[in-house]
Amino acid sequence: MSKIKQLDFDGKVIYCGLDTHKTNWKINARMEEIEMASFSQNPDPSLLKNYFDKNYPRAQLRVVYEAGFCGFEIQRSLTALGIDCIIVNPADVPSSDKDRKRKDDKRDARKLSIALAKGNLKGIYIPATLVRQRHRLTQDQTRCANRVKHLLLSNGIKTEEESERWSLRFIKKLQQLDCGSALLKASLQFALEQYLQTRRILKEVTLMIKDLSSQEPFAKVQAILQSIDGVGLISGMVIQSEIGDINRFKRLDSLCDYAGFVPDIYSSNDKTVVRGISKRGNEFLRETIIESSWTLIRKDPAMLMKYNEYRSRMNANKAIIRIAKHLLSRIRFLWKNEQTYVRGITG
């Protein structure tokens, strides 16, 4: 009687494309140009691992899915299970005209697995989520404040100081307003409570980020970044979280491209149109660098002089973008060389 040979795929790589949805995943897997499996499953990383461990033991699994509603959680969960997983920008996935016209989940998963197997995909950087969560909370706080303002305005209620900052003293004034009816008073109280709750959470997250900034791997880099005029605690943490490892960028052009400080060019035949800066870069990093640049020109006379030079031949928005690229260049240089900022240098 011949001995039964055990399944063993040691040294083999399985390329797996995931089309993710809230209630299910469409999965397509291939090995050495052979499509091995195409199926659906519940959105559970453990189920995926168990399936391939059972049917293709010891094979190396590489997974890819497109950035979307599910964010980075699937990638983190699969990585924790020992699975190599990347997230890609949907615009970077090669697509034929047939794919675009006959789009469905099964086809999307197959397209991803093929592109991954061919080495045509480059994963996006996975940022720290806490700093982004603070950004979303800041937006939520602004929305809550605007709802209160709209409620008062639409009901003809004016405050003594409409332009006053939203201090606790000002909020207490709003809570004591005579609204003319119990229903309107209750609506205002609920809207203010929502604002205060968001504000409390935002404060807790900010304190956590502050504590995080004094620990490694942040402390050393933060000392460098926050030495730059215009870069504070939050902006410094955004910059470090979004860039991650500065050595990922061998050239300044690569970092500018990542941040979105490159022209958006449309070219057809002999006609080329430049439509401002690209919208494909990292918006969190780009917005933070631009905001920091406005502060930089107010604090560093040398950068103010350079801004004025640009301003003499272009509008303010274009001029500050030029300053932002200078700032990004300095961040890269200081970070890579572990040096602190020196004010008054124009180069």
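First things first, this report covers the structure right here in the doc.

Conventions adopted
- Residues numbered from 1 in each chain as written.
- Predicted model: local features only at pLDDT ≥ 70, side-chain atom pairs only at ≥ 80, totals over all residues.
- Heavy atoms only, no water.
- Salt bridge = Lys/Arg side-chain N within 4 Å of Asp/Glu carboxyl O.
- Helix = DSSP H or I, 4+ residues; strand = E, 2+ residues; numbered from the N terminus.
- Buried < 20%, exposed > 50% of the residue type's maximum accessible area, 1.4 Å probe, protein only.
- Lys, Arg positive; Asp, Glu negative; His and termini not counted.
- Contact = heavy atoms within 4.5 Å.
- Polar contact = N/O pair within 3.5 Å; in protein donor to acceptor, adjacent residues only side chain to side chain.
- Pairing = 2+ DSSP bridges.
- Axes fitted to C-alpha atoms, helices over the stretch in contact; angles between N-to-C directions.
- Phe/Tyr/Trp six-rings, centres within 6.5 Å; stacked < 30°, edge-to-face > 60°.
- Lys NZ or Arg CZ within 6 Å of the ring centre and 35° of its normal.
- Right-handed = clockwise from strand over helix to strand, strands pointing away.

## Some details on the pattern of salt bridges
Per the counting criterion, the structure on display carries 15 salt bridges. Its salt-bridge partner being Lys 111, residue Asp 108 comes within 3.8 Å of it at the nearest N-O pair. Within this pair, Asp 108 and its partner Lys 111 are both found in helix 4 (residues 105-117), separated by three residues, close to a single helical turn. For the residue pair Asp 108 and Lys 111, the accessibility class agrees, reading buried in each case. Close ionic contact of Lys 220 with Glu 338 constitutes a salt bridge, the shortest N to O distance being 3.4 Å. On the criterion of sequence distance, the pair formed by Lys 220 in helix 8 (residues 219-225) and Glu 338 in the segment after helix 13 (316-337) is long-range, its members being 118 residues apart.

## A word on the side chain of Arg 286
Position of Arg 286 among the secondary structure elements: in helix 11 (residues 283-299). Of the buried charged residues, Arg 286 lacks a salt bridge, with Glu 283 as the closest side chain of opposite charge at 5.5 Å.

## Details of unusual backbone geometry
At the junction of Glu 216 and Pro 217, the peptide bond is cis and its omega measures out at 10 degrees in the coordinates. Topologically, Pro 217 is positioned in the loop between helix 7 (182-213) and helix 8. The phi angle at Glu 32 is positive, at roughly 50 degrees, despite the residue not being glycine. Within the secondary structure, Glu 32 is located in the loop between strand 2 (25-31) and strand 3 (34-41). Classification of Glu 32 by relative accessible area gives exposed; the value is 53%. The phi angle at Glu 338 is positive, at roughly 55 degrees, despite the residue not being glycine. Given a relative accessible area of 52%, Glu 338 falls into the exposed group.

## Considerations on the environment of Ser 113
Within the element layout of this structure, Ser 113 appears in helix 4. With relative accessibility at 0%, the residue Ser 113 sits in the buried group. Taking C-alpha positions, Ser 113 is 6.2 Å from Ala 29, a pair spaced 84 residues apart along the chain. In this structure, Ser 113 is in contact with Tyr 15, Cys 16, Gly 17, Asn 28 and Arg 30, ignoring residues within four places of it in sequence. In this structure the side chain of Ser 113 is engaged in a polar contact, spanning 2.6 Å, whose partner is the side chain of Asn 28.

## Remarks on the sheet that holds strand 5 (residues 84-88)
With respect to topology, five strands assemble into an open sheet ordered 3-2-1-4-5, the strand pairing being mixed. Taken across any chain shown, the strands that pair with only one partner, and hence form the sheet edges, are strand 3 and strand 5. In this sheet, adjacent strand axes meet at a mean angle of 20 degrees when their direction is disregarded. Packing against the sheet, helix 4 makes contact with strand 1 (13-20), strand 2, strand 3, strand 4 (60-66) and strand 5, and its axis sits at approximately 145 degrees to strand 1.

## Some points on the packing of aromatic side chains
Applying the stated rule across the entire model yields eight aromatic pairs. Taking the centre distance of 6.1 Å and the plane angle of 35 degrees together, the rings of Phe 52 and Tyr 56 count as tilted. Residues Phe 52 and Tyr 56 agree in their burial class; the two are buried. Ring geometry for Trp 294 against Tyr 307: centres 6.0 Å apart, planes inclined by 65 degrees, an arrangement best described as edge-to-face. Taken together, the residues Trp 294 in helix 11 and Tyr 307 in helix 12 (residues 301-311) connect sequence positions 13 residues apart. Above the ring of Tyr 258, the side-chain terminus of Arg 248 is found at 5.1 Å from the ring centroid.

## With respect to the environment of Gly 344
Of note, Gly 344 is situated in the segment after helix 13. Note: C-alpha distance between Gly 344 and Pro 301 (43 residues apart in sequence) is 6.3 Å. The contact partners of Gly 344, leaving out residues within four places of it in the chain, are Asp 300 and Ala 302.

## A few points about the pairing of strand 5
With five bridges joining them, strand 4 and strand 5 adopt parallel strand pairing. Bridge pairing in strand 5 places Val 64 opposite Ile 86. For the handedness criterion, the β-α-β arrangement of strand 4, helix 2 (residues 73-80) and strand 5 is classed as right-handed.

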